[in-house]
Amino acid sequence: MTDERGNLVWISAAKPGRSSEITTARHNRITAHLREAGLGALADLGFAGLDDDPDDPVIVTGRRATRGHPLTAAKKQANQLVSRERAANEHGFADLKNWRILTKVRINARHATMLLRALLVLTNAEITR
């Protein structure tokens, strides 16, 4: 997770590559934690359907077009707004991905979690410098 300026704030524990992002978010109870903290989040289309309360959503995603139902102009514009606001988030993760070791990680998830959290600290220290 990043803040509104794209600074990395939190990284979940590493999971095996076969785990999808939405499954990991459900396992970590992201929506419940956001509700408790009174926060909201923007997410990509991979997280559509994660929020279990459509009347009071804490996670906002774009809309998907289906074969028989193309997006309306208003829904396309809403998708553009979500994408524009998510750009800062993508920059935050790009900062983390600058560490080359992440392209070659083939270790136990517990060790990968320690590595990721150490890189999070180093990334934040480098950016604030």
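Computed from a predicted model, the values in this text were never measured in an experiment. The written sequence of each chain sets the order in which its residues are numbered from 1. At least 70 in pLDDT is required for a residue's local features to be given in this predicted model, at least 80 for side-chain atom pairs to be given and counted, and no such filter applies to totals for whole chains, interfaces and linings, which use all residues. Side-chain descriptors were evaluated using all non-hydrogen atoms of the structure, hydrogens and water having been removed beforehand.

A. Representation of the overall build of the protein chain within the structure. Check the secondary structure of the protein chain and you find 4 helices and 2 strands. A run of H or I in DSSP becomes a helix once it reaches four residues, and a run of E becomes a strand once it reaches two; helices and strands are each numbered from the N terminus. Of the regular secondary structure in the protein chain, the N- to C-terminal order runs α-α-β-β-α-α. The rule is simple: take the accessible area with a 1.4 Å probe, protein chains only, and divide by the maximum for that residue type; under 20% is buried, over 50% is exposed, in between is partly exposed. The 129 residues of the protein chain split such that 26% are buried. Counted over contacts in the protein chain with a minimum sequence separation of 6, partners at least 24 positions apart contribute 44%. When the accessible area of the protein chain is evaluated, it comes to approximately 9500 Å², of which 54% is carbon and sulfur surface. His is not counted here, nor are the chain ends, while Lys and Arg score as positive and Asp and Glu score as negative. Where a charge lies is defined by one atom per residue type: Lys uses NZ, Arg uses CZ, Asp uses CG and Glu uses CD. In the protein chain, 20 positive and 14 negative side-chain charges are present, and the distance between their average locations comes to 10 Å. Contacts: residue pairs with any heavy atoms within 4.5 Å of one another. Computed with a 1.4 Å probe, the accessible areas rest on the Shrake-Rupley method; for each residue, only the protein chains presented here act as cover.

B. Inspection of the confidence of the model for the protein chain at higher detail. Residues of the protein chain with pLDDT of at least 70 account for 99%, and the chain-wide mean is 85. Predicted confidence in the protein chain is weakest over helix α4 (residues 109-128), with a mean pLDDT of 83, and strongest over helix α2 (residues 30-37), with 91. Known as pLDDT, the predictor's per-residue confidence is scaled from 0 to 100.

C. Fine view of a nonpolar patch on the surface. By definition, no residue in a patch forms a salt bridge, and every one has over 30% relative accessible area; like charges are joined within 9 Å, nonpolar side chains (Val, Leu, Ile, Met, Phe, Trp, Tyr) within 5 Å. Salt bridges are defined as contacts in which a side-chain nitrogen from Lys or Arg sits within 4 Å of a carboxyl oxygen from Asp or Glu. A surface patch of nonpolar side chains, amounting to about 260 Å² of accessible area, comprises Met1, Val9 and Trp10. Along the chain, the position of tryptophan 10 falls in the segment before α1 (21-27).

D. Spatial organisation of unusual backbone geometry. Positioned with a positive phi, arginine 29 is a non-glycine residue whose angle comes to about 55°. With respect to the secondary-structure elements, arginine 29 resides in the loop between α1 and α2. Of the residues examined, arginine 29 reaches a relative accessible area of 45% and is grouped as partly exposed.

E. Expanded view of α2. Taken together, the buried positions of α2 are occupied by Ile30, Thr31 and Leu34. For α2, the buried positions fall inside an angular range of 95° around the axis, keeping them on one side. Those residues of α2 that are buried lie in contact with α1, β1 (41-42) and β2 (59-60). Working note: the arc is built from the helix axis to C-beta atom directions.

F. Fine view of the nonpolar core. One finds Ile22, Ala25, Ile30, Leu34, Ala43, Phe47, Leu50, Val58 and Ile59 forming the largest nonpolar core, which totals 9 residues. Looking at this core, the elements that each hand over two or more residues are α1 and α2. Valine 58 has contacts with Thr31, Leu34, Arg35, Leu39, Gly40, Ala41 and Asp51, leaving out every residue within four places of it along the chain. Take the buried Ala, Val, Leu, Ile, Met, Phe, Trp, Tyr and Cys residues and link them wherever side-chain atoms come within 4.5 Å; each set so joined is a nonpolar core. Judged by nonpolar contacts, the second largest core, of 8 residues, contains Ile11, Ala14, Leu96 and Leu119.

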